[in-house]
Amino acid sequence: MQGFGEILALAFDLVLSGDGDLAEIVWLSLRVSISATLLACLIGLPLGAVLAIARFPGRNAAIVLVNALMGLPPVVVGLLVYLHLSRAGPLGFLGLLYTPTAMIIAQTILIAPIVAALSRQVLEELHAEYAETFRSLALSGRQTLAALLWDGRFALVTVALAGFGRAVAEVGAVMIVGGNIDHATRVMTTAIALETSRGNLALAMALGVILMMLALGVNAAVHSLRLTATRWSHA
Amino acid sequence: MREAVIGRSLEGEAVSAGAGLSFRDVGYSIAGRRLIDGMTVDVPDRGVTVVMGPNGAGKSLFLRLAHGLIHADEGAIRWGDAPVGRSVARDQALVFQTPVLLRRSVAANVDFVLKSRGRASVEMRETLLRRVGLTGFARVAARRLSGGEQQRLQMARALATEPRVLLLDEPTASLDPASTAAIELIVRDVALRGVKVIFVTHDVGQARRLADDVVFLANGRAVEQGAAERFFDAPRSPEADAYLQGKLIL
Ligand SMILES: Nc1ncnc2c1ncn2[C@@H]1O[C@H](COP(=O)(O)OP(=O)(O)OP(=O)(O)O)[C@@H](O)[C@H]1O
Ligand SMILES: [Mg+2]
């Protein structure tokens, strides 16, 4: 067994050499998780906005439900999507199982509640502050929403980044619906699991390093956004 | 309601708010506390009405009720023939006691309001900022302004709606004397042009300078109202008398 330092050195060599297989895996990871994040925002933002602004019976129950769904275990999401997409499932005819599309669907379901719940919180706080002013100006619902989204944009981008962070790091859902097929559905997290079990620790570590750098990059982005926001007195 | 508005606009140059404000036995409670209690007030349809009264008397609630931001539990509030509501509120602007500014630049705050009225233009914005003495602040983040500057920006936004009724909740409470004088000048100017102004203040000197008539509130009721001169010379209610003499009302 190699020592940790040795593995790390090999890992960095791999990262720096621009290894083709490695690049392919990283690229697929990003493609899947970024797509899922965009889709989750498309679903989660309007949902969060409605929960933040509209008053309707069952609203509180809906908020509790969405908040609870934030904690969905990835394997459970994977299983549910698998059941729908498998040959015998209701959507089996689409032939999506073990494709990147299936992985995007699973991750979207996983993080849409996160985007919805967190953006609800952001928009509700903002709305509480602005509501009387907007009503005094006799703004329409559409104008109100547009203003909230714009003034909350820094916080909302942070929400999206949180969703992306969760998606790119999860392994259970993509493993089940993607199948970790080489050159087809292998992403960073599933590759790490596989290569570790195979004893190919340098490759696993190389992927781990990239994942951590991604996390670092996302957090740096969040932080600099916060600084920009404070500069504009958004905080 | 709709007809009332059209009827008014058809009068064309009849300038004034078209109708005075009336409260009839208005009651408003929160959590079982009667904050406004059987309030009956008649505010004339033109000139500057100054609203006075001790802290917690209900002055801010009075403005909110009149503007339709909150709804009375009892009684009736009307602007002329029209019950208070959305279409009435559209002709009004309220400057809040605590400024609520968008997380944007000073210019964008004014533009936002101009745009909501479908008349955004750089010249209009610059004119408004000049009127409240904020030229040169256009690019500054609104929330970075000092308290007095924020109140002046609120004033600019209110004027941007070109209201028929201007409701002001202590708009000069944190302004220096020069800025206060500037705001008073604006208030007198818009009132002369036919805008109905309802002005809440604790400053007796300011009230004397601005008021055509006065409404005095205490404990959620209108205890006195009438022409300014008469009010300041000989207040009829013990509450107003004590207030003007700087005594605590219990
Ligand atoms: N949302 C609320 N919940 C509970 N009490 C309230 C609420 N709003 C106002 N009040 C109470 O109603 C009373 C009147 O409030 P209001 O803000 O109208 O006073 P005010 O005359 O404007 O006083 P000030 O001169 O201090 O501005 C106060 O006692 C206040 O505590
Ligand atoms: Mg007040």
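Criteria and cut-off values
- Residues numbered from 1 in each chain as written.
- Chains lettered and ligands numbered in written order.
- Predicted model: local features only at pLDDT ≥ 70, side-chain atom pairs only at ≥ 80, totals over all residues.
- Heavy atoms only, no water.
- UniProt positions renumbered as here; feature names shortened; annotations may be inferred.
- Axes fitted to C-alpha atoms, helices over the stretch in contact; angles between N-to-C directions.
- Helix = DSSP H or I, 4+ residues; strand = E, 2+ residues; numbered from the N terminus.
- Parallel < 35°, antiparallel > 145°, perpendicular 65-115°, else oblique.
- Left-handed = near helix turned anticlockwise from the far one by under 90°.
- Contact = heavy atoms within 4.5 Å.
- Nonpolar A, V, L, I, M, F, W, Y, C, P; charged D, E, K, R; others polar.
- Salt bridge = Lys/Arg side-chain N within 4 Å of Asp/Glu carboxyl O.
- Polar contact = N/O pair within 3.5 Å; in protein donor to acceptor, adjacent residues only side chain to side chain.
- Pairing = 2+ DSSP bridges.
- Donors = N, O, S within 2.8 Å, 3.2 Å for Na, K, Ca; no water.
- Buried < 20%, exposed > 50% of the residue type's maximum accessible area, 1.4 Å probe, protein only.
- Expected span 1.5 Å × (residues − 1).

The name given to chain B in an unreviewed UniProt entry is ATP-binding cassette domain-containing protein, with Kangsaoukella pontilimi as the source organism.

Under the annotation held in an unreviewed UniProt entry, chain A carries the name ABC transporter permease subunit and is attributed to Kangsaoukella pontilimi. Per its UniProt entry, chain A bears the Subcellular location (unreviewed entry) comment "Cell membrane". Turning to chain A, the UniProt annotation filed under Sequence similarities (unreviewed entry) states: "Belongs to the binding-protein-dependent transport system permease family."

Undergrad: Looking at this structure, I do not really get the packing of helix α3 (residues 59–69) of chain A against helix α5 (residues 100–136) of chain A. What am I missing?
TA: How two helices pack is summed up by the angle between their axes together with the distance between the axes. Residue and element names in this part refer to chain A. Between α3 and α5, the shortest axis-to-axis distance is 7 Å and the interhelical angle comes to 130 degrees. Classed by the angle they form, the pair α3 and α5 counts as oblique. You can see that α3 and α5 cross each other, and the crossing is left-handed. Residues Arg59, Ile63, Val66, Asn67 and Leu69 of α3 form the contact with α5, whose own contacting residues are Pro113, Ala116, Ala117, Arg120 and Glu124. Among the residues forming the contact of α3 with α5, the class breakdown is six nonpolar, one polar and three charged.

Undergrad: Got a minute to help me understand the UniProt feature "domain: ABC transmembrane type-1" (unreviewed entry) in chain A in this structure?
TA: The UniProt entry lists residues 26–222 of chain A under the feature "domain: ABC transmembrane type-1" (unreviewed entry), expressed in the numbering used here. As a span, residues 26–222 of chain A carries 79% helix and 0% strand, and end to end its C-alpha atoms are 21 Å apart.

Undergrad: In this structure, what is going on with the interface of chain A and chain B? I would like to understand it.
TA: A common way to express how large an interface is: the accessible area buried when the components associate. The partner chain B presents 26 residues to the 21 residues of chain A that form the contact. Joining chain A to chain B, the criterion identifies four salt bridges. For the interface between chain A and chain B, the tally reads nine residue pairs in polar contact (both at pLDDT 80 or more). Mapped by element, the contributors of at least two residues to the side of chain A that touches chain B are α5, α6 (141–151) and α10 (201–231) of chain A.

Undergrad: Would you explain the pairing of strand β2 (residues 33–43) of chain B in this entry?
TA: Regular strands place their side chains on alternate faces of the sheet. All names here are of chain B. In the sheet, strand β1 (residues 21–30) pairs with β2 via seven bridges, with the strands oriented antiparallel. Across the sheet, residue Ile30 finds its bridge partner in β2, namely Arg33. Connecting β1 to the antiparallel partner β2 that follows it, the hairpin turn spans two residues, and Ala31 within it adopts a positive phi of roughly 50 degrees.

Undergrad: Can you walk me through the coordination of the magnesium ion (ligand 2) in this structure?
TA: When a metal holds four donors in a tetrahedron, each ideal angle between them is 109.5 degrees; when it holds six in an octahedron, the ideal angles are 90 or 180 degrees. Residues and elements named next belong to chain B. Coordination of the magnesium ion (ligand 2) by the protein is provided by Ser60 (OG) and Gln97 (OE1), with metal-donor distances spanning 2.0 to 2.2 Å. Residue Ser60 is found in helix α2 (residues 59–67), and its partner Gln97 is found in the loop between β6 (92–95) and α4 (106–116); the two are separated by 37 residues along the sequence. Using a relative accessible area of 19% as the deciding quantity, one classes Ser60 as buried. Using a relative accessible area of 36% as the deciding quantity, one classes Gln97 as partly exposed.

Undergrad: Could you clarify how one ought to interpret the sheet that holds β6(B) in this entry?
TA: Strand pairing in a sheet relies on backbone hydrogen bonds. The paired strands run either parallel or antiparallel. All names here are of chain B. Taken together, six strands build an open sheet; the order of strands is β6-β7-β8-β3-β9-β10 and the sheet is mixed. Because the sheet does not close on itself, it has two edges, and the strands there are β6 and β10 (221–227). Taking each pair of neighbouring strands and ignoring which way they run, the sheet shows an average axis angle of 15 degrees. As paired elements, strand β3 (residues 48–52) and strand β9 (residues 213–218) share four bridges and run parallel to each other. Its bridge partner being in β9, Val50 is matched across the sheet by Val214. Those strands touched by helix α7 (residues 177–192) are β3, β7 (165–169) and β8 (196–200), and its axis lies near 150 degrees from that of β8.

Undergrad: Even after reading the chapter, I still don't get the packing of α5(A) against α6(A), so can you show me in this structure?
TA: All names here are of chain A. Following both chains from N to C, one finds α5 and α6 inclined at 130 degrees, their axes separated by 10 Å at the closest point. Taken together, the axis directions place α5 and α6 in an arrangement best described as oblique. Crossing of α5 over α6 shows right-handed handedness. Across from Leu123, Leu126, His127, Tyr130 and Phe134 in α5, the residues of α6 making contact are Thr144, Ala147, Leu148, Leu149 and Asp151. Taken together, the residues of the contact of α5 with α6 break down into seven nonpolar, two polar and one charged.

Undergrad: I'm lost on helix α1 (residues 4–17) of chain A in this one. Help?
TA: One full turn of an α-helix is made of 3.6 residues, so residues set three or four places apart face in the same direction. Counted at 1.5 Å a residue, the expected span for α1(A) with its 14 residues is 20 Å, and the 20 Å between its end C-alpha atoms agrees. A:Gly18 sits one or two positions beyond α1(A) and adopts a positive phi of about 65 degrees.

Undergrad: Explain the UniProt feature "domain: ABC transporter" (unreviewed entry) in chain B here, please?
TA: Following the UniProt record, the feature "domain: ABC transporter" (unreviewed entry) maps to residues 21–244 of chain B here. Taken end to end, residues 21–244 of chain B comprises 38% helix and 27% strand; its first and last C-alpha atoms sit 25 Å apart.

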